[in-house]
Amino acid sequence: MSTKPIVVALVGNPNTGKSTLFNALSGLRQHVGNYPGVTVELKKGTFQFAGRTVELIDLPGTYSLAPRSLDEAVAVDLLLGRLENEAAPDVVLSIVDASNLDRQLYLTTQVMELGIPVVLAVNMLDVAAKQGLAIDLGILAERTGLSVVPIQANRGIGLDDLRKALVAAPGSKAPSPPAMPADVDSAAAELVVGIVPAIPGFLSRRLLFDIGGSTESWFLATHGDRHRPAIDAARERLKAAGLAVPGVEAKARYGFIRPITAAAVRKPERRPTTWTDRFDRALTHKLWGTLIFLILMFGVFASIFWLAEPPKGWIEAGIETISSWIESQLSVGPLRSLLVDGLIAGVGGVLVFLPQILILFLFIAILEDCGYMARAAFLMDKLMSRCGLSGKSFIPLLSSVACAVPGIMATRVIENRWDRLATILVAPLMSCSARLPVYTLMIGLFLPAEQYGVFARAAVLFAMYMIGFVAAPVVALLLRKTLLRGGRSMLIMELPGMKVPSAKTVIIRVFDAGWAFVKRAGTIILASMVLIWASLYFPSSDADGANYEARIAEHLEKDEKGEARKLKAEWKRQSYLGRLGQWMEPVFRPLGWDWRLGMATLASFPAREVIVGTMTMLYEVEEGDDDEQTTGALTDAIRDDWNAGPRSREAVPIALSVMVFFALCCQCASTLAVIRRETKSWRWPIFTFFYMTGLAYLAALAVYQIGRLFVGD
Amino acid sequence: MTLAELKPGQSARIAALDGDPAVVQRLYEFGLYEGEAVECLGFAPLGDPLEIRIGNTRLSLRKVEAAAVALEVPPSPTAG
């Protein structure tokens, strides 16, 4: 017996408990598989059984193997062994929901055509029983010829039987799929005669069946548009013979499935009304549904701020402790400055937002897993379609409030490619969690609570979020009317039964999101902070060659704080970054920014959170004021500086101009990278970068110039 | 008549599917197949999309897509 692992592909409709089964089988031994040339990441997990290693690949949930969306195309390529570095799987594990066999076996019959042994896992028999359905699995196994295993994925029942069936399956006979009419098979085969390398029979049938589908576009792009007339002619011939596509495929499959389920499934006379039916009536109700939707959305946002406060405080305290410890261990010099001002201030300032991100993802994961997101898409579709998007764009846009990266990846479920592209291009306009530090800093700086009150501060924050909610649909509409014209969008979507979310699925989701954020802080933000620190630290001596740090220390020893501060400002001004900033000041001036704000903004282009650390370095906080928190001290330092200046009356318009700029600008290398990955082209990330930067500049300009009129001279 | 014209609470059998091939294919995959009974459950707040039940599945689709589904008349009222 070979020791090579058995490769099993897990296939199933969305909402059949597929992820739950995947997590239950592979536990925490999971990793994300990357495939060269494709953008979709597939989860892989492994388990041992009876001395064999089984490698499980979790394919995206799909209703059919007729590829129309990106997810589906990758699933088909993987199953056919057409992905680079990835052989075809040894076994396909097809999971179906017992209460919906009629429909779900449709995908199974497609899987049966691949020529690979298929194991059929029938999940949620308990749910089916509650609906009065009785299923004879013996008949199901006999008539389909598949190895059938009953499971209850959420409670871990039947998993060992399933593992046994999977290990036994390789090498067994491939199933016999429902037969297509002979004319269909020969027409499909004719389409690919002489094509090198040979096209598998499965794909040639997809080429025939899927009018305007992924297989057709791929085939015509690879082998030339000259094949189009042959495809059209074949479809016409079949239509004349009473075998029109796509109906002929459905007829063959349901013709196979119906007699089997008629024999194997006993249904009650009348469908009993379940609790999810009643619940659902409220969730999709015109009035109650809308109300519940608004309350939920409000709750999510409110809790981001309220629930995250205490853990945020702990992280801040932890960072404070570390930086004072380093300050006590090291003497004044570049190393200490790099560690304390560059790394800890920069990276720590970002990690503080981890609790908020975890909470946001927790809510999104719960709403997704319990089935609510489909209801939200249903409620929002009409509004979204007026903006040239679809209800399915709602989930990616909502996720983008946490972070645009997973939001953009969530667009893969959108079938229409122009809908999907428009959603990708506007997702970065939603106010993501990385903008929050900027808003918090600016509001704290220029709208002190004593002067403006808590309400005005909250209103400003709310307005910043609204900018995204308003700008995204407006820009989407403009794009759909100009650059992205075309393609009729489609919304045919299942409203899955509401269920109690699985703790394991939710925890894994939240953990993945948190880890991605920490990794980002440890790489791109860390690197930016080191660069910014260096360009602010050097040159570190004045025109006479005297070291600034030493001179400042001398003044501090003599307790001449004012002198020390003046010297520090001079040092920053003549640093490399300072010189660049003063040279570029004319660009920032119309927005009301001085060179420091301009530089802090410019330095934040790789990752917008960087502004917090840069501002800390630019308006360096007095050393020795250790009893105060860093952010508090930073706020005071900047406010002192501003109030002393001649332009102190313009503080509010300037702060608003900075915030609006950050709300609209695409200062995030990760987002641009993910747009590049998802659109497979440099064109769209470049476009996004320029349109957002331009929009941000104009909006900030307008805010400052109009705001100035109100405060007078 | 088509599925788009069905009123909440009414159900009818599907007579034929005809329209944009991509839409028709998707509808087949979701179990809308000649001879099946389909029930209208209601409409979204702005009157579109609609929610239907087919077999044991609740589906949401837009009126333009529902118009591809021709129904046998007359529709029968159903309770529950």
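Because the structure is predicted, anything quoted here is derived from the model rather than measured.

Asker: In this structure, what is going on with the packing of helix α8 (residues 201-209) of chain A against helix α9 (residues 214-223) of chain A? I would like to understand it.
Answerer: Two numbers describe a pair of packed helices, the interaxial angle and the distance between the axes. Residues and elements named next belong to chain A. Viewed as axis vectors pointing N to C, α8 and α9 meet at an angle of 105°, and their least axial separation amounts to 7 Å. When the interaxial angle is binned, α8 and α9 end up roughly perpendicular. Here Leu 203, Arg 206 and Leu 207 of α8 come into contact with α9, specifically with Thr 215, Glu 216, Trp 218 and Phe 219.

Asker: It is not clear to me how the interface of chain B and chain A should be interpreted in this structure. Could you clarify?
Answerer: The partner chain A presents 48 residues to the 33 residues of chain B that form the contact. Between chain B and chain A, a total of about 3800 Å² is buried, with carbon and sulfur atoms accounting for 52% of that surface. Considering only the side of chain B, the residues that lose the most area to chain A are Arg 26, Arg 58 and Arg 62 of chain B, jointly responsible for 19% of the buried surface there. On inspection of chain B and its partner chain A, the count reaches four salt bridges. We note a salt bridge from Arg 62 of chain B to Asp 381 of chain A, for which the minimum N-O separation is 2.7 Å. Where chain B packs against chain A, one counts 16 residue pairs in polar contact (both at pLDDT 80 or more). Broken down by element, the residue count for the side of chain B that touches chain A peaks at nine residues, all from helix α1 (residues 21-29) of chain B.

Asker: Please clarify how the environment of Ala 44 of chain B should be interpreted in this entry.
Answerer: As for its position among the elements, Ala 44 of chain B is in the loop between β2 (37-43) and β3 (50-54). Overall, the relative accessible area of 0% leaves Ala 44 of chain B in the buried class. Excluding anything up to four places from it in sequence, Ala 44 of chain B contacts Lys 286 and Phe 378 of chain A together with Pro 49 of chain B.

Asker: Looking at this model, I keep getting lost on the nonpolar core. Mind explaining?
Answerer: Side chains of a nonpolar character, in soluble globular proteins, are inclined to be buried together. The biggest cluster of nonpolar side chains holds 126 residues, and the ones touching the most others in it are Tyr 372, Phe 394, Val 426, Leu 429 and Met 615 of chain A. The leading source of residues in this core is helix α30 (residues 651-664) of chain A, at 10 residues. With 89 residues, the next largest nonpolar core counts Leu 191, Ile 231 and Ile 492 of chain A together with Val 69 of chain B among its residues.

Asker: Please clarify how the pairing of strand β4 (residues 57-61) of chain B should be interpreted in this entry.
Answerer: Burial runs high along β4 of chain B: five of the five residues are buried. Alternating positions in β4 of chain B separate into two faces, Thr 57, Leu 59 and Leu 61 of chain B on one and Arg 58 and Ser 60 of chain B on the other, with burial throughout. Direction of pairing for strand β10 (residues 492-494) of chain A relative to β4 of chain B: antiparallel, over a ladder of three bridges. Following the sheet pairing, Met 493 of chain A is matched in β4 of chain B by Ser 60 of chain B. Linkage of β3 of chain B to β4 of chain B, two consecutive antiparallel strands, is achieved through a turn of two residues, within which Gly 55 of chain B is found at a positive phi near 60°.

Asker: Which parts of the structure should I look at to understand unusual backbone geometry?
Answerer: Excluding glycine, residues mostly carry a negative phi; peptide bonds, for their part, are mostly trans. Residues and elements named next belong to chain A. Going from Phe 538 to Pro 539, the amide bond is cis rather than trans, its omega being -10°. Relative to the helices and strands, Pro 539 is located in the loop between α23 (503-537) and α24 (548-557). Although it is not a glycine, Lys 680 sits at a positive phi angle of roughly 55°.

Asker: Can you help me understand the packing of helix α27 (residues 595-603) of chain A against helix α28 (residues 610-618) of chain A in this one?
Answerer: Residue and element names in this part refer to chain A. It is the contact of α27 with α28, at a shortest axis distance of 8 Å, that shows an interaxial angle of 145°. You can see that α27 and α28 cross each other, and the crossing is right-handed. Mapping the contact onto sequence places Trp 595, Arg 596, Leu 597, Ala 600 and Ala 603 in α27 and Val 610, Ile 611, Thr 614, Met 615 and Leu 618 in α28. Split into classes, the residues belonging to the contact of α27 with α28 amount to eight nonpolar, one polar and one charged.

Asker: What am I meant to see in the pairing of strand β1 (residues 6-12) of chain A here?
Answerer: Where a strand is regular, its side chains alternate between the two sheet faces. All names here are of chain A. Burial runs high along β1: seven of the seven residues are buried. Burial along β1 is two-sided: the face carrying Ile 6, Val 8, Leu 10 and Gly 12 and the face carrying Val 7, Ala 9 and Val 11 are both buried. Both β1 and strand β4 (residues 52-58) contribute to a ladder of five bridges, which runs parallel. Bridged to Ile 6 within β4 is Val 54. The pairing of β1 with strand β5 (residues 91-97) spans five bridges and is parallel. For Val 11, the partnering residue across the bridge sits in β5 and is Ser 94.

Criteria and cut-off values
Residues numbered from 1 in each chain as written. Chains lettered and ligands numbered in written order. Predicted model: local features only at pLDDT ≥ 70, side-chain atom pairs only at ≥ 80, totals over all residues. Heavy atoms only, no water. Axes fitted to C-alpha atoms, helices over the stretch in contact; angles between N-to-C directions. Helix = DSSP H or I, 4+ residues; strand = E, 2+ residues; numbered from the N terminus. Parallel < 35°, antiparallel > 145°, perpendicular 65-115°, else oblique. Contact = heavy atoms within 4.5 Å. Buried area = accessible area lost by both parts, 1.4 Å probe. Salt bridge = Lys/Arg side-chain N within 4 Å of Asp/Glu carboxyl O. Polar contact = N/O pair within 3.5 Å; in protein donor to acceptor, adjacent residues only side chain to side chain. Buried < 20%, exposed > 50% of the residue type's maximum accessible area, 1.4 Å probe, protein only. Core = buried A, V, L, I, M, F, W, Y, C linked by side-chain atoms within 4.5 Å. Pairing = 2+ DSSP bridges. Left-handed = near helix turned anticlockwise from the far one by under 90°. Nonpolar A, V, L, I, M, F, W, Y, C, P; charged D, E, K, R; others polar.

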